Amino acid sequence: MSAFLARNRLIVLAYAGMVVLLLVTALFSPGFLSVSNMRSTVVLAAFVGIVALGQTFVIIGGGIDLSVPWVLNSAAIIMALLCGGQDVPLVWVTPLLLAGGAFIGLINGVGVARFGVPPIIMTLATNVILQGLILVLTGGSPTPSAPALIQFLSVGRIGGFPVIALIWLALTLVATLLLSKAAFGRHLYALGTSATVAEFSGVPTARTTILTYVASGLTAAFAGMLLTGYSGQAYLGMGDAYLFTSIAAVAIGGASILGGSGHYLGTVAGAMVLTILTGLLPALNLSSGALLIVYGAVILLTVSIGSEAFAGLGGRLRRN
Amino acid sequence: MDLVTVNGLTKRYGGIVALSDATFSARAGEVHALLGENGAGKSTFIQILSGAVRHDGGSILIDGQDYRPANPDAAQARGIAAVFQELSLIPDLSVEQNIWFRHEPRTLLRTVNRGEMRRKTLALLEKYSFPTLRPDRELRRLTLAERQIVEIAKGLAKDPRIIILDEATSALPAREAEWLLKLTRQLAAEGRLVIFISHRMAEVRAIADRLTIFRNGATVAAHEANAVSDNEIVAQMIGRHLDRLYPERIPTATDRVALKVQGISSGSRLSGVEFALREGEVLGVGGLQGHGQRELFQALFGATRATGAVELWGKPVSIANPRQALTGRDGIALVPEDRRGQGLLLTKSVRENLTLSVIKRFTENGLLSRQKEAELVKEMVDFLRIKAGTPEQLAGTLSGGNQQKVIFGKMLLTQARILLLYDPTRGVDVGTKGEIFQLMRDLAAKGYAILFHSSDMPELVHVADRVMVMRNGRIAATLEGDHISEEEILRAAMLETRAA
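A short tour of the structure in this document, coming up. Remember, predicted model here, so these are calculated numbers, not experimental data.

1. Things to note about the overall build of chain A
Point 1. For chain A, the count of helices and strands is 14 helices and two strands.
Point 2. Taken against the 2.2 N^0.38 rule, which gives 20 Å for 320 residues, the C-alpha radius of gyration of chain A at 20 Å falls within 12% of a compact globule.
Point 3. With the C-alpha coordinates aligned to their principal axes, the bounding extent of chain A is approximately 60 × 50 × 40 Å.
Point 4. Considering only residue pairs separated by 6 or more positions, chain A has 77% of its internal contacts joining residues 24 or more positions apart.
Point 5. About 13,700 Å² of surface is accessible on chain A, with carbon and sulfur atoms providing 74% of the total.

2. Structural notes on the interface of chain A and chain B
Point 1. Contact residues are listed per partner, giving 25 residues for chain A and 37 residues for chain B.
Point 2. Summing both partners gives a buried area of about 2,500 Å² for chain A against chain B, and 61% of it is carried by carbon and sulfur.
Point 3. Linking chain A with chain B are one salt bridge.
Point 4. Between E373 of chain B and R186 of chain A there is a salt bridge, with its nearest N and O atoms 2.7 Å apart.
Point 5. On inspection of chain A and its partner chain B, the count reaches five residue pairs in polar contact (both at pLDDT 80 or more).
Point 6. For the side of chain A that touches chain B, the elements supplying multiple residues, two or more each, are α8 (163-181), α9 (183-193) and α10 (195-200) of chain A.
Point 7. When residues of the side of chain A that touches chain B are assigned to their parent elements, the largest contribution, six residues, is made by α9 of chain A.
Point 8. Class assignment for the residues of the side of chain A that touches chain B results in ten nonpolar, ten polar and five charged.

3. Topic: the environment of R186 of chain A
Point 1. Mapping R186 of chain A onto the fold places it in helix α9.
Point 2. Note on R186 of chain A: relative accessible area 11%, which makes it buried.
Point 3. The sequence separation of R186 of chain A and V298 of chain A amounts to 112 residues, and the corresponding C-alpha distance is 32 Å.
Point 4. If near-sequence neighbours (up to four positions away) are discounted, R186 of chain A is found in contact with R351, E352, T355, L356, I359, L368, R370 and E373 of chain B.

Reading guide: rules and limits
Residues numbered from 1 in each chain as written. Chains lettered and ligands numbered in written order. Predicted model: local features only at pLDDT ≥ 70, side-chain atom pairs only at ≥ 80, totals over all residues. Heavy atoms only, no water. Helix = DSSP H or I, 4+ residues; strand = E, 2+ residues; numbered from the N terminus. Rg over C-alpha atoms; globule rule 2.2 N^0.38 Å. Contact = heavy atoms within 4.5 Å. Areas by Shrake-Rupley, 256 points an atom, 1.4 Å probe, with all protein chains shown as cover. Buried area = accessible area lost by both parts, 1.4 Å probe. Salt bridge = Lys/Arg side-chain N within 4 Å of Asp/Glu carboxyl O. Polar contact = N/O pair within 3.5 Å; in protein donor to acceptor, adjacent residues only side chain to side chain. Nonpolar A, V, L, I, M, F, W, Y, C, P; charged D, E, K, R; others polar. Buried < 20%, exposed > 50% of the residue type's maximum accessible area, 1.4 Å probe, protein only.

In structure tokens:
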């Protein structure tokens, strides 16, 4: 058990931070720990968590995916347009959109793994291109409202539990199996630790890299559909916030932004921390500008605690 | 009186002694060659002289004055300039900006005096009859040979009394190498001391007045160049080694060919190499560093693009990447040159490193069986006697020898029976070296086929069944039986080499 704690110190730290933050928030706004408030916090965190799932894979593999906002936004808007508020078209729209998200991920992955384009450039470019495509497609006009089924998935409940929390739980299970219990996970950690060593060890480095971006495209598109259900409508710019939060959740969760370490279980805590923080700050009665400043500063602090621990470990290894 | 006198010079890096007792003396106006095998201490010696590294003990006198430079600037202030193999030039600056870097002629306003810089550059190039070089050309547009020439000009621009040329001819084509040898004589005639390092015996013969031989971090002899034979020099470079380190060599090679290579080429470093490695054989690959050994090993493993035909166990194959090389019992595995950069995930555990190449084998219905993995890891740790607290210890915290064993274990687990071992004992303690040699012979006896490169010649002599000597990307000679000796290897590797 102590070995487990030592190996996953940063993840444990993320959960400890989450608990502390919860208690502090409860101190400032006494109603915060109520069942209904916790429920809405988990729902909001689930959106961050689902987008950050693919991002976790990409970052562990040593990359980064900046195309998340407009993959999400595109999926949301196209779904709303194609369904026109009806449930029935979801039968073919859902697979289409998920395949579309995966395809964008495939393009990102192939660009990075096969053509050597730096991940930042590659995914930033796809993001901008998607943004342009959507603007051309919609002409900026508002879309029909989300199908009822999607709204149920986002805000509905089963036996008192938010449906989306159950979805998030299932996805967490899948991600954990992939990272801890499958060959893919070993390959991924090896790739992120040293692409050269992985290559010399026979790891399918290109395929593994591509798969991480495909996963990221998939989860971003899926989150876009669900988010439409939450807000009732798809609108331009709805994905923008998720660029920063998806990366910050991974980093707060204890992953090195340079790759090779971290776990989705940490990202889950990261997504919770970010969401609780957005609940805490209004309780402090700050202006919205000051709120953003504090939000940014807290994230910077959290992430640098993690990275300093990482740098210390690296330093010890070099000396040995 | 001698210009430079060195006594009992020592230098340690942690537990490794790079220089234990170097003595050296040289006069102004002579060309003085430094000779020795790779790792004999020549590089450390000139790094100390040029101020790049500080010595731990012993003394250096220049003109009878104590000399202990704190950095390369201090060395330059005492009139010492070094031209290294690793080029120190800045690609974005022009030829003349590089030559005068940090010593630019200034105007009264302290801005760079471009006219003066151009004049001084042209004067320098003319004085030493440099091959044509345009002073305003950006360095990145120059060939490797041209950059080497700029590096030499940069050294001379400081008007040094002592100039060190470290393998300066190795990057130069024939005509420029000729020029450099003439230049060297000219510099000596001007009363400067030229310390000249080369692995090409013919060059050393052509220009050196005296020579000093290094071995294992110490000076073993100094001679007037015309008073010693090539054979004596080679014998002194090699010295006498104890061979208890090496296991008994019982021939186990069968007639079955494991690896057949025909006309394999890669860039300019590897051209048309052909050989056959048999089941049960340890085939050594020798020669001076940088003559195609690295490219050969990487090409066979699919880590470098190459052309040519390769057969594994009688079947033609084309290996485009290491993953294709590591395909089970008929595959081909590599213990790479760079242990930390290519071989090991330093921040991951011994277990994760050992099973990285074969992790798929432990999955059932897509899920890993930690128990099956742990069993095999334990087996391999015991078999290779890897000294780790637990299999969960991070690989980066192991000693060099144990790190190397982990890489061996990873490759053995792939079950590939053709092993490419690139300098597997470098940076490994003597005890583990012995274990590695024994392991190689044991594996050969089990029918493995082993291609073995070592930068340490005695290892090839004592462990390999045959030795191929590489020179300029080709097999210069293949030595068998009684013909395998350090003298023969060195002779094949360097004696016939011309400055070409």
